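One letter stands for each residue in the lines below.
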Amino acid sequence: LKSDKVRLTVSVAMLLTILSAGLVAVVIPCLLIRFKRDPAIGAGPLGTVIQDILSLVVYFAVASVLL
């Protein structure tokens, strides 16, 4: 059924998004420290913007594969 595919797509996309959020939350501040910048910038606005964009990319990638 079509609704089963949609449920699977949303579930997989959410799982990957949640996993990537933790990765982004760790990597961005570490990179900023490495480049001698304030890591608080990465913890706030920069990390949020990157995670939002990554979430959309993940959702559309999963949808294009599963649907």
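Residue numbers here run from 1 along each chain, matching the order of that chain's written sequence. Only residues with pLDDT of 70 or above have their local features reported here, since the model is predicted, and side-chain atom pairs are shown and tallied only from 80 upward, although totals for entire chains, interfaces and linings are computed over all residues. Neither water nor hydrogens contribute to the side-chain values; these are computed over all heavy atoms in the structure.

1. Observations regarding the packing of aromatic side chains
Reasoning step 1: Working definition: rings of Phe, Tyr and Trp (its six-membered ring) pair if their centres are within 6.5 Å, and the pair is stacked with planes under 30 degrees apart, edge-to-face with planes over 60 apart, and tilted otherwise. Scanning all chains against the criterion turns up one aromatic pair.
Reasoning step 2: Taking 5.6 Å as the distance between ring centres and 65° as the angle between the ring planes, the aromatic pair formed by Tyr59 and Phe60 counts as edge-to-face.

2. Focus on the pattern of salt bridges
Reasoning step 1: Counted as salt bridges are all cases of a side-chain nitrogen of Lys or Arg within 4 Å of a carboxyl oxygen of Asp or Glu. By the definition in use, this model includes one salt bridge.
Reasoning step 2: Two residues, Arg7 and Asp4, come together in a salt bridge whose shortest N-O distance is 3.1 Å. Pair noted here: Arg7 and Asp4 are both in helix 1 (residues 2–34), with a separation of three residues, about one helical turn.
Reasoning step 3: Since its relative accessible area comes to 54%, Arg7 is described here as exposed. Only DSSP runs of H or I with at least four residues qualify as helices, and only runs of E with at least two residues qualify as strands; both kinds are numbered from the N terminus onward. We call a residue buried when its accessible area falls under 20% of the maximum for its residue type, exposed when it is over 50%, and partly exposed in between, using a 1.4 Å probe and counting protein chains only.

3. Re the environment of Phe60
Reasoning step 1: Relative to the elements of secondary structure, Phe60 occurs in helix 2 (residues 39–66).
Reasoning step 2: C-alpha separation for the pair Phe60 and Ala13, spaced 47 residues apart in sequence, amounts to 8.4 Å.

4. Some words on helix 1
An α-helical turn contains 3.6 residues, so a residue and the one three or four places further along point in the same direction.
Reasoning step 1: In this model helix 1 runs 47 Å from its N-terminal to its C-terminal C-alpha over 33 residues, within 8% of the 48 Å that 1.5 Å per residue would give.
Reasoning step 2: For helix 1, the full list of buried residues reads Thr9, Ala13, Thr17, Ser20, Val24, Ile28, Pro29 and Leu32.
Reasoning step 3: Buried residues along helix 1 sit against helix 2.
Reasoning step 4: Positive phi appears at Lys36, one or two residues downstream of helix 1, with a value of about 55°. Given a helix with a known number of residues, its expected span is that number minus one, times 1.5 Å. What makes two residues a contact is simply this: any of their non-hydrogen atoms within 4.5 Å.

5. Digging into a nonpolar patch on the surface
Reasoning step 1: By definition, no residue in a patch forms a salt bridge, and every one has over 30% relative accessible area; like charges are joined within 9 Å, nonpolar side chains (Val, Leu, Ile, Met, Phe, Trp, Tyr) within 5 Å. Surface accessibility in these figures is a Shrake-Rupley result with a 1.4 Å probe; residues are shielded only by whichever protein chains are displayed. Taken together, the side chains of Val6, Leu8, Val10, Met14, Ile18, Leu56, Tyr59, Phe60, Val65, Leu66 and Leu67 make up a nonpolar region of the molecular surface, amounting to roughly 1000 Å² of accessible area.
Reasoning step 2: Of all the secondary-structure elements, those providing two or more residues to the nonpolar patch are helix 1 and helix 2.
Reasoning step 3: For Leu56, the position within the fold is in helix 2.

6. Comments concerning the side chain of Gln51
Reasoning step 1: In this structure, Gln51 sits in helix 2.
Reasoning step 2: On the accessibility criterion, Gln51 (11% relative accessible area) is buried.
Reasoning step 3: A distance of 3.3 Å separates polar atoms of two side chains, one belonging to Gln51 and the other to Ser20.
Reasoning step 4: Among all residues touching Gln51, those that are not within four sequence positions of it are Thr17, Ser20, Ala21 and Val24. Between N or O atoms, a polar contact is any pair within 3.5 Å; within protein, one atom must be a potential hydrogen donor and the other a potential acceptor, and residues adjacent in sequence are included only when both atoms are from side chains.

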